[in-house]
Amino acid sequence: QSHNHRMALVRVMCVRWTRSGTVPSAASFARGLASSAKATAAEQEDEVIVSDLNGVRTLRMNRPDKLNAWSASMMIRLRKEFQDAATDPAVKAAIVTGTGRYYCAGVDLSATIKPMHPKALFNMIETNNRALFDSYLDFPKPIMVCANGPVVGASVTSATLCDAILACDDATFSTPFSALGVPPEGCSSVHFERIMGKETAQRMLGEEGWRPTAAEAVEVGLIESVHSSERVLAEAQALAEDWVASGKPRQIKGESWEALAPELKAVNAAESHALATAFLSADFIEKQRSFLEGKGKTKQAKTFYWLGMTRPLWSLML
């Protein structure tokens, strides 16, 4: 991972020098690379790795063994880092990316939902889901997603709340809400249709569960551009630096952030309530059991089996 990180830094530097027309001395290059590569062993184990370069803050999700799926602690950390970047005057733009072969595999339910009173669980799901997407909508500076690999579920919908999405050529975009028995979230019930049109939005959010490739995602307007895996982070950094230089205002996929964010926050509130309701529904429990059983995860499937069997009793406590 450290080797890949160093190579990414080299590519960022090369893109910047190509655009500026200046080439530094060997000593200057070495100092820049050494300064940027001071990641400690502790940082490598951190769920979110933060770095700053030329006014651009990069937040790199760092659970590669879990495909960067969001745990409860990672979502809390992301919200904190958004708040810190928003109030730091040295930060003019932000990039969110991932470590390893995935950008993010969505929410890791096993690392977010724990046994508790049904009403408390409902409130936790609603509150945390709303807070997660509000953290994107509240961020006041230009922000970009650099999809270094497949993007799944909530990590797709949250990305559409940013100014732009750049992706590597082997990225895909999956929103399997219908298959999981849950309603759309991350404002996608409204925002997807505005971005891509009604038919395409329904293909992704409905029963078909269409999973566009990066090239297809550009065609339908979901993302802005595709690059090789080797260059995508460098291109993201270069674009973010262009935003800083031009004083670009915060937007949501080309629309005014100030005008659109309040409306989407209201959508997010309604979707979060609907999602919490769905998570405790018989349909969701059965689809989770079937999904886990199909993956050979017998122990986890049995948990959802017994949840379904006992639901008539514990649902009275909602």
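Look above for the structure.
Residues numbered from 1 in each chain as written. Predicted model: local features only at pLDDT ≥ 70, side-chain atom pairs only at ≥ 80, totals over all residues. Heavy atoms only, no water.

1. Some thoughts on the overall build of the protein
Check the secondary structure of the protein and you find 14 helices and 10 strands. A total of 318 residues make up the protein; the buried ones form 47% of that total. When contacts within the protein are restricted to residue pairs at least 6 apart in sequence, long-range pairs at least 24 apart make up 73% of them. Only carbon and sulfur atoms are counted for the fraction: they give 56% of the accessible area of the protein, which is about 15,000 Å². (Helix = DSSP H or I, 4+ residues; strand = E, 2+ residues; numbered from the N terminus. Buried < 20%, exposed > 50% of the residue type's maximum accessible area, 1.4 Å probe, protein only. Contact = heavy atoms within 4.5 Å. Areas by Shrake-Rupley, 256 points an atom, 1.4 Å probe, with all protein chains shown as cover.)

2. Quick notes on the nonpolar core
Counting residues in hydrophobic clusters, the biggest one holds 77 residues, and the most contacted among them are Met61, Trp70, Tyr103, Val145, Phe173 and Ile223. By residue number, the principal contributor to this core is helix 12 (residues 257–279), which donates nine residues. (Core = buried A, V, L, I, M, F, W, Y, C linked by side-chain atoms within 4.5 Å.)

3. Re the side chain of Thr99
Relative to the assigned elements, Thr99 resides in the loop between strand 3 (93–98) and helix 5 (118–138). There is a polar contact of 3.0 Å between the side chain of Thr99 and the side chain of Asn62. (Polar contact = N/O pair within 3.5 Å; in protein donor to acceptor, adjacent residues only side chain to side chain.)

4. A word on the sheet that holds strand 6 (residues 164–168)
If you walk across this open sheet you meet the six strands as 1-2-3-4-6-8, and the pairing is mixed. In the strand order of this sheet, the two ends are held by strand 1 (48–53) and strand 8 (225–227), each with one partner. Across this sheet, the average inter-strand angle for adjacent strands is 20°, counted without regard to direction. Across six bridges, the pairing between strand 1 and strand 2 (residues 56–61) is antiparallel. Following the sheet pairing, Val48 is matched in strand 2 by Met61. Where helix 11 (residues 232–246) meets the sheet, its contacts fall on strand 1, strand 2, strand 3, strand 4 (143–147), strand 6 and strand 8, and the angle it forms with strand 4 comes to roughly 170°. (Pairing = 2+ DSSP bridges. Axes fitted to C-alpha atoms, helices over the stretch in contact; angles between N-to-C directions.)

5. Concerning the packing of aromatic side chains
By the definition in use, this model includes four aromatic pairs. For the ring pair Phe279 and Phe284, a centre distance of 4.5 Å and an interplane angle of 25° mean the geometry is stacked. Taken individually, Phe279 and Phe284 each receive the classification buried, so the pair is uniform in this respect. Members of the aromatic cluster, joined through ring pairs, are Phe82, Tyr136 and Phe139. Between Arg203 and the ring centre of Trp210, over which it is positioned, the NZ or CZ distance is 4.2 Å. When the ring centre of Trp243 is taken as origin, the NZ or CZ atom of Lys248, which lies over that ring, is 4.7 Å away. (Phe/Tyr/Trp six-rings, centres within 6.5 Å; stacked < 30°, edge-to-face > 60°. Lys NZ or Arg CZ within 6 Å of the ring centre and 35° of its normal.)

6. Let's talk about a nonpolar patch on the surface
A cluster of nonpolar residues, Tyr305, Trp306 and Met309, forms a patch on the protein surface that exposes about 360 Å² of accessible area. Within the element layout of this structure, Tyr305 appears in helix 14 (residues 298–314). (Patch = residues over 30% accessible without salt bridge, like charges linked within 9 Å, V, L, I, M, F, W, Y side chains within 5 Å. Salt bridge = Lys/Arg side-chain N within 4 Å of Asp/Glu carboxyl O.)

7. Topic: the packing of helix 8 (residues 188–196) against helix 12
Interaxial distance between helix 8 and helix 12 falls to 9 Å at its minimum, and their mutual angle equals 135°. Considered as vectors, helix 8 and helix 12 are oriented oblique to each other. Taking contact as the criterion, the partners of Ser188, Ser189, Val190, His191 and Arg194 in helix 8 are, on helix 12, Leu260, Glu263, Leu264, Val267 and Glu271. Across the contact of helix 8 with helix 12, the residue classes tally to four nonpolar, three polar and three charged. (Parallel < 35°, antiparallel > 145°, perpendicular 65-115°, else oblique. Nonpolar A, V, L, I, M, F, W, Y, C, P; charged D, E, K, R; others polar.)

8. So, helix 8
Given 3.6 residues per turn, any residue in an α-helix points the same way as the ones three and four places further on. All of the buried residues in helix 8 are Ser188, His191, Phe192, Ile195 and Met196. Buried residues of helix 8, viewed axially, fall in a sector of 105°; they line one side. The inward-facing, buried residues of helix 8 contact helix 6 (154–159), helix 7 (177–180), helix 9 (198–205), helix 10 (214–220), strand 9 (251–252) and helix 12. Directly beyond the C-terminal end of helix 8, a positive phi value near 95° is found at Gly197. (Arc of directions from axis to C-beta.)

9. Comments concerning helix 4 (residues 72–87)
Between its first and last C-alpha, helix 4 extends 23 Å over 16 residues, near the 22 Å set by a 1.5 Å rise per residue. Contact partners of the buried residues in helix 4: strand 1, strand 2, strand 3, helix 5 and strand 4. (Expected span 1.5 Å × (residues − 1).)

Everything listed here is a matter of geometry and, on its own, says nothing about what the molecule does.
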